[in-house]
Amino acid sequence: MSRYRIGLWSAIGAQVFTWAALVFLALWPYTYQGVSAIAVNSNLESTAVLLRAEQPISFDRQSFNASLIEVNGPGVLLVLLVPVAITVIALSAVAFQGLNRRLRLGMLWGSAVLMLVFCALALFSIGIFYVPATAALIVAAIAGIARPMPQGQHSIP
């Protein structure tokens, strides 16, 4: 397999990984889990608003689950689109052969570094979901931006 194909398929893989992470994080209903506790007066004969310290109090506990959009609103999709945009830059650097080679190389390595920084900054929250895309971008950058060889020609090992 040529270096161009490795770079192209790695960039496509990074794009697929970021879209998968976006859909998973946005719609998975167990992104946030927790337990809410509401104080309940166990002595039901008194309906006073203020409770004395001597009265026993119990807690009504309820577990809840919520998706990222339910908790943070639809504006969180803008944050989730940042890695997608970074991988679009990398994919365009590999796919568009008409651009200057240095520009394409800068776009590819720049997007790989940006994705690595994004993963490092968000590692303890959503960054772990973007590690496969980051690895694919690094592979694409290492493979380089070799020009596709015309049909019928083979590279010399």
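This one's a predicted model, so the numbers in the text were calculated from it and none came from an experiment.

This part covers the overall build of the protein. When helices and strands are counted, the protein shows 5 helices and 2 strands. Out of the 157 residues in the protein, the part that is buried amounts to 32%. When the accessible surface of the protein is split by element, carbon and sulfur atoms take 68% of a total near 10,300 Å².

If you trace the backbone, Ile 86 turns up in helix H3 (residues 76-95). Owing to a relative accessible area of 9%, Ile 86 belongs among the buried residues under this scheme. Once the C-alpha coordinates of Ile 86 and Ser 111 are considered, the two residues, 25 residues apart in sequence, prove to be 5.5 Å apart. Contacts of Ile 86, omitting those with residues within four sequence positions, involve Ser 111, Leu 114, Met 115 and Leu 137.

Within the protein, residue pLDDT values average 82, and 79% of them lie at 70 or more. Within the protein, helix H5 (residues 131-143) carries the highest mean pLDDT (94), whereas strand S1 (residues 32-41) carries the lowest (74).

Nonpolar side chains in soluble globular proteins tend to be buried together. If you look at the biggest cluster of nonpolar residues, it comprises 29 residues, and the most contacted ones within it are Leu 80, Leu 108, Ile 126, Tyr 130 and Leu 137. When residues of this core are traced back to their parent elements, those giving at least two are helix H1 (3-27), H3, helix H4 (101-121) and H5. With 8 residues, the single largest contributor to this core is H1.

Under the counting rule described, the total for this entry stands at 4 aromatic pairs. Taking the centre distance of 5.0 Å and the plane angle of 20 degrees together, the rings of Phe 24 and Trp 28 count as stacked. Classification of Phe 24 as partly exposed rests on a relative accessible area of 35%. Looking at Trp 28, the relative accessible area reads 36%, which means it is partly exposed. On the numbers, 5.5 Å between centres and 80 degrees between planes, the contact of Phe 118 with Tyr 130 is edge-to-face. Within this pair, whereas Phe 118 is found in helix H4, its partner Tyr 130 is found in the loop between H4 and H5, the two being separated by 12 residues in sequence. The pair Phe 118 / Tyr 130 is uniform in exposure class, with both members buried.

Glancing now at the environment of Ala 20. Relative to the assigned elements, Ala 20 resides in helix H1. Ala 20 sits 64 residues away from Val 84 along the chain, and the two C-alpha atoms are 9.9 Å apart.

This part is about the packing of H1 against H3. Each packed pair of helices is defined by two parameters, the angle between the axes and the distance between the axes. Axis separation between H1 and H3 bottoms out at 9 Å; the angle between their running directions is 170 degrees. The angle between H1 and H3 places the two elements in the roughly antiparallel class. For the pair H1 and H3, the contacting residues are Tyr 4, Gly 7, Leu 8, Ala 11, Ile 12, Ala 14, Gln 15, Thr 18, Trp 19, Leu 22, Leu 25 and Ala 26 in the first and Leu 77, Leu 80, Leu 81, Pro 83, Val 84, Thr 87, Val 88, Ala 90, Leu 91 and Val 94 in the second. Its residues assigned to classes, the contact of H1 with H3 comprises 18 nonpolar, 4 polar and no charged.

This part is about a nonpolar patch on the surface. Where nonpolar side chains cluster on the molecular surface, the patch consists of Phe 24, Trp 28, Tyr 30, Leu 123, Phe 124, Ile 128, Phe 129 and Val 131 and spans about 810 Å² of accessible area. Mapped onto the elements of the fold, Trp 28 is located in the loop between H1 and S1.

Attention now moves to H3. Look at H3: 29 Å from first C-alpha to last across 20 residues, which is about the 28 Å you get at 1.5 Å a residue. Along H3, the sharpest kink reaches roughly 30 degrees, centred on Val 82 and followed within four residues by the proline Pro 83. For H3, the complete set of buried residues consists of Val 76, Leu 80, Pro 83, Val 84, Ile 86, Thr 87, Ala 90, Ser 92, Ala 93 and Val 94. Lining the buried residues of H3 we find H1, helix H2 (68-72), H4 and H5.

Conventions we followed
Residues numbered from 1 in each chain as written. Predicted model: local features only at pLDDT ≥ 70, side-chain atom pairs only at ≥ 80, totals over all residues. Heavy atoms only, no water. Helix = DSSP H or I, 4+ residues; strand = E, 2+ residues; numbered from the N terminus. Buried < 20%, exposed > 50% of the residue type's maximum accessible area, 1.4 Å probe, protein only. Areas by Shrake-Rupley, 256 points an atom, 1.4 Å probe, with all protein chains shown as cover. Contact = heavy atoms within 4.5 Å. pLDDT = per-residue confidence, 0-100. Core = buried A, V, L, I, M, F, W, Y, C linked by side-chain atoms within 4.5 Å. Phe/Tyr/Trp six-rings, centres within 6.5 Å; stacked < 30°, edge-to-face > 60°. Axes fitted to C-alpha atoms, helices over the stretch in contact; angles between N-to-C directions. Parallel < 35°, antiparallel > 145°, perpendicular 65-115°, else oblique. Nonpolar A, V, L, I, M, F, W, Y, C, P; charged D, E, K, R; others polar. Patch = residues over 30% accessible without salt bridge, like charges linked within 9 Å, V, L, I, M, F, W, Y side chains within 5 Å. Salt bridge = Lys/Arg side-chain N within 4 Å of Asp/Glu carboxyl O. Expected span 1.5 Å × (residues − 1). Bend = angle between axes of the 7 residues up to and from the residue.

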